[in-house]
Amino acid sequence: MAAGSAGGWRSRANEGAGAGLAHVGGAAPPPRIDEIPRRPLCLLQGYGGLHHSCGDLYFPRSVEQLRALFRMAKQTGRRITFRAGGQSFDGQALNDDVMISMSRFDSIAIDAERARMTVSAGATWGAIARKLAARGFVPYTAVSTSYATAGGTVSGGCLSRFSGTAGKEGSYVERLTLLTTDGRLLSLSRDEPTSALFHAVIGGLGYLGAVIDITYRVARVAPAGTPIRVVTQATRCASFEELAEALVPPPELLLPAEGGTADEAGWVPEALFSVAFQTLEGSRSMVLRSRYVAGTTHELRPLLTHRPRHLLRVPVEWLMRASVVSRAIWTIIDRFIFDVTRPYVDELMGYMFFMDGNVLAKRIAQGFGMRMFTVQQSFMIPYDAGAREESLRRLADFLRKIEEIAARDGIPPLMLDVLHIQGDRFLLSANHGTDGFAVTLAFEAWDEDSVCRIRLRLSELSAHTLELGGRVYLVKNVYATPEQLEAMYAHALPEFVRLKHLVDPDGLLRNEFLERVFPAHFRPAPRLARR
């Protein structure tokens, strides 16, 4: 049966919470909408503080309640967007109509014998990592904040510092359960006949249905009950060419293929990534390589950035938002704190979720009535192993372009990080069908004037990325014209739109982000349908 045929997907339409319970008088009546916890006209914002929405936020507890919300939306012409951890940078999880929080779908089950875990969409990566670590496991790749949820990151097809050798999150998903807007529960995997929808849902930004649960492969790195630490060796780079050369991982560090192979037995990912920053004396960059170690034989020597609750973390996060102060702080760090002669040793949770310090700083600032804006955009610069030198030169030139624009505008990124990413088959992945370098720029600002200037700079870099044959990642902030994004994702949009019409023919799952980035395919709904 064809992969795109609805009949080829394994349906679990009669499964779900309470589906197997007897009910006097026949089947249990469907839940009423007024039984589902709701916060009406709820004001929400994206993680960066730039995007807001005001709509009805529902907190369903079961698949049946989700089905009831889908029926209500279809009958009334309303639109739905999913939300859980609230860590999206742009408007991917915001909607001025109906928002559904998946936060109460939070179960975590670990199969230690098979090195697998099945988690519900609302389970946070902090909770997941703690349970895994207690059994001696780690995720192959996980985002850098503990507040993000599995459903959110799988819908983004997210990357992490370990993606330089291990690929992105989707490479470790064996199966996921999707609830479509017509109430069907579909069990999807990368094997035919569900492969097409599987590769669209991962990275599909929640626009094809509600992800209910995900089964991942996980890596054993220590005996159960043994502490896990992370050892990191930093190496300074004298030039962007040297940085680019060092980021291409040797074959023995790479995951053999998406989905894993027999060669994966005993294979443990190592992080290979780089950071660059602006000091008062110019730009500095370094490549870092991290590995997991079991036990406490390595004495702790943590980086400040990997101590999210250190007393200095919040004031430093605040001060770094002024560009001159940021360069001054980086100068001090570069001269007196960074010591590349010895490896750093971090606690697992501090290393994995170092961005929790930024989350804490923003929450405290909001408590004082201060607005803190965070802007991050990622670009994929293509890499061709058959034209290695040309590819490395292209990356170095792109990094110099960033430096040139920063010097011209006087607002350097707080940090710039780069890592190599292997190609994959996920439809809306920036690495669909091509290896590349993920270049992420992170900015922090207090005022909207600075944010406006940052947007203009990122838009300029988006245009340059397209000229290089690259793409803008869709999971962080996206500042690019619709024409540029259409050209970048021309390989995937027709198939993605086809699948969306197949599983969401009424267009219930929509929001302004989707309509803004791909307006030719997803036009705004009539205003009356939003209330």
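Residues numbered from 1 in each chain as written. Predicted model: local features only at pLDDT ≥ 70, side-chain atom pairs only at ≥ 80, totals over all residues. Heavy atoms only, no water.

Enquirer: How would you sum up the sheet that holds strand β2 (residues 38-45)? Please name residues and give values.
Expert: Read across the sheet, four strands follow the order β2-β3-β5-β4 without closing on themselves; strand pairing throughout is mixed. Across the chains shown, the open sheet's two edge strands, defined by having one partner strand only, are β2 and β4 (80-83). Looking at each pair of strands side by side, their axes are set apart by 40° on average, direction ignored. Looking at chain direction, β2 and strand β3 (residues 52-58) are connected through six bridges and run antiparallel. By the bridge assignment, Cys 42 is partnered in β3 with Gly 55. (Pairing = 2+ DSSP bridges. Helix = DSSP H or I, 4+ residues; strand = E, 2+ residues; numbered from the N terminus. Axes fitted to C-alpha atoms, helices over the stretch in contact; angles between N-to-C directions.)

Enquirer: Break down the packing of helix α6 (residues 240-247) against helix α11 (residues 388-409) for me, with residues and values.
Expert: Contact geometry of α6 with α11 gives a least axis separation of 9 Å together with a crossing angle of 130°. As judged from the angle between their axes, α6 and α11 are oblique. The two elements α6 and α11 meet at a crossing, and its hand is right-handed. Side by side, α6 and α11 meet where Phe 240, Glu 241, Leu 243, Ala 244 and Glu 245 of the first sit next to Arg 388, Glu 389, Leu 392, Leu 395, Ala 396, Leu 399, Arg 400 and Glu 403 of the second. (Parallel < 35°, antiparallel > 145°, perpendicular 65-115°, else oblique. Left-handed = near helix turned anticlockwise from the far one by under 90°. Contact = heavy atoms within 4.5 Å.)

Enquirer: Got a sec to walk through unusual backbone geometry? Specific residues and values, please.
Expert: Glycine aside, residues mostly have negative phi, and peptide bonds are mostly found in the trans state. Positive phi, close to 45°, is recorded for Leu 41, a residue that is not glycine. Looking at the secondary structure, you find Leu 41 in strand β2. With phi around 60°, Leu 205 is a residue other than glycine that occupies positive phi space. Residue position: Leu 205 is located in the loop between α5 (195-201) and β11 (210-220). A residue is classified by how much of its surface remains accessible, and Leu 205, at 12% relative accessible area, is buried. (Buried < 20%, exposed > 50% of the residue type's maximum accessible area, 1.4 Å probe, protein only.)

Enquirer: Describe α6, naming the residues involved and giving the relevant values.
Expert: All of the buried residues in α6 are Phe 240, Leu 243, Ala 244 and Leu 247. Within α6, the buried residues cover an arc of 95° as seen down the axis, which keeps them to one side. (Arc of directions from axis to C-beta.)

Enquirer: I'd like a rundown of the pairing of strand β5 (residues 98-101), residues and numbers included.
Expert: Along a regular strand, successive side chains alternate from one face of the sheet to the other. Burial of the side chains of β5 extends over both faces: Val 98 and Ile 100 are buried on one face and Met 99 and Ser 101 on the other. Note that β3 and β5 share three bridges and pair parallel. Residue pairing in the sheet places Tyr 58 in a bridge with Ile 100 of β5. Of the pairings in the sheet, the one linking β4 to β5 comprises four bridges and is parallel in character. The partner of Arg 83 across the bridge, within β5, is Ser 101.

Any functional reading would require information that these geometric values do not contain.
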